[in-house]
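# Coordinate analysis (summary)
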Amino acid sequence: MRTLLLSRIQDVPDYPQPGVMFKDITPLLADATAFGALTEALAELCVRHRADKVVGLEARGFILAAPAAVRAGIGFVPVRKAGKLPGATLGQAYELEYGAAEIEIHADALEPGDRVLVIDDVLATGGTAEASLRLIRRAGAQIAGVAVLLELGFLDGRGRLLAALGSAPLEALITV
């Protein structure tokens, strides 16, 4: 499966800025076999880690998390940038290497005791994933783990997440 997924991820040099090698997953999404294999692998992680709900991180995390949740038979909760959700929300501010940001979920999206698996496309520096873990805990839910398609190991997002994960696992289908 790793070979199939890697063969459908395209490197785009100098995007979104010079010196960055962007990992484009849109060719993977366009390939029904590869996208199906990815969805199945993520759904299996939901089951293995006994998740009650899946949180998908804006924006590409939505694309991966929603079908995995459906396949696993559990609920999907979007984590959005601040100001994008209607109604009452819980927010979590966090620092980026170039500034600050905030993410939100609906205040009633998670129940106390829910086991939540966070799904995203890429783990880079880990800032958004770390903030999502704090947000989930503030909502009273438990962390079942974090699952990503691709971990950029050279950016050490894993190191940043270790304390926030506690004993919960970090699953990367591919590490580069």
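One can find the structure itself at the top, above this paragraph.
Bear in mind that the values here come from a model prediction, so they are computed numbers and not experimental data. (Residues numbered from 1 in each chain as written. Predicted model: local features only at pLDDT ≥ 70, side-chain atom pairs only at ≥ 80, totals over all residues. Heavy atoms only, no water.)

## Details of the packing of helix H5 (residues 127–138) against helix H6 (residues 157–165)
Remark: H5 packs on H6, axes separated minimally by 9 Å, with the N-to-C direction vectors making an angle of 10°. In this view, H5 runs roughly parallel relative to H6, as classed from their interaxial angle. Residues Gly127, Ala129, Glu130, Leu133 and Arg137 of H5 form the contact with H6, whose own contacting residues are Arg160, Leu161, Ala164 and Leu165. Tallied by class, the residues present in the contact of H5 with H6 amount to 5 nonpolar, 1 polar and 3 charged. (Axes fitted to C-alpha atoms, helices over the stretch in contact; angles between N-to-C directions. Helix = DSSP H or I, 4+ residues; strand = E, 2+ residues; numbered from the N terminus. Parallel < 35°, antiparallel > 145°, perpendicular 65-115°, else oblique. Contact = heavy atoms within 4.5 Å. Nonpolar A, V, L, I, M, F, W, Y, C, P; charged D, E, K, R; others polar.)

## Overview of unusual backbone geometry
The omega torsion of the bond from Tyr15 to Pro16 falls at 5°, within 30 degrees of zero and hence cis. With an omega dihedral of 0°, the bond running from Glu58 to Ala59 counts as a cis peptide bond. Here Ala59 lies in the loop between strand E3 (53–57) and helix H4 (60–72). A positive phi angle, close to 60°, is found at Asp14, a residue other than glycine. Summarising the element assignment, Asp14 is placed in the loop between strand E1 (10–13) and strand E2 (21–24). Although it is not a glycine, Arg50 adopts a positive phi angle of roughly 55°.

Purely geometric stuff here, so don't read any function into it on its own.
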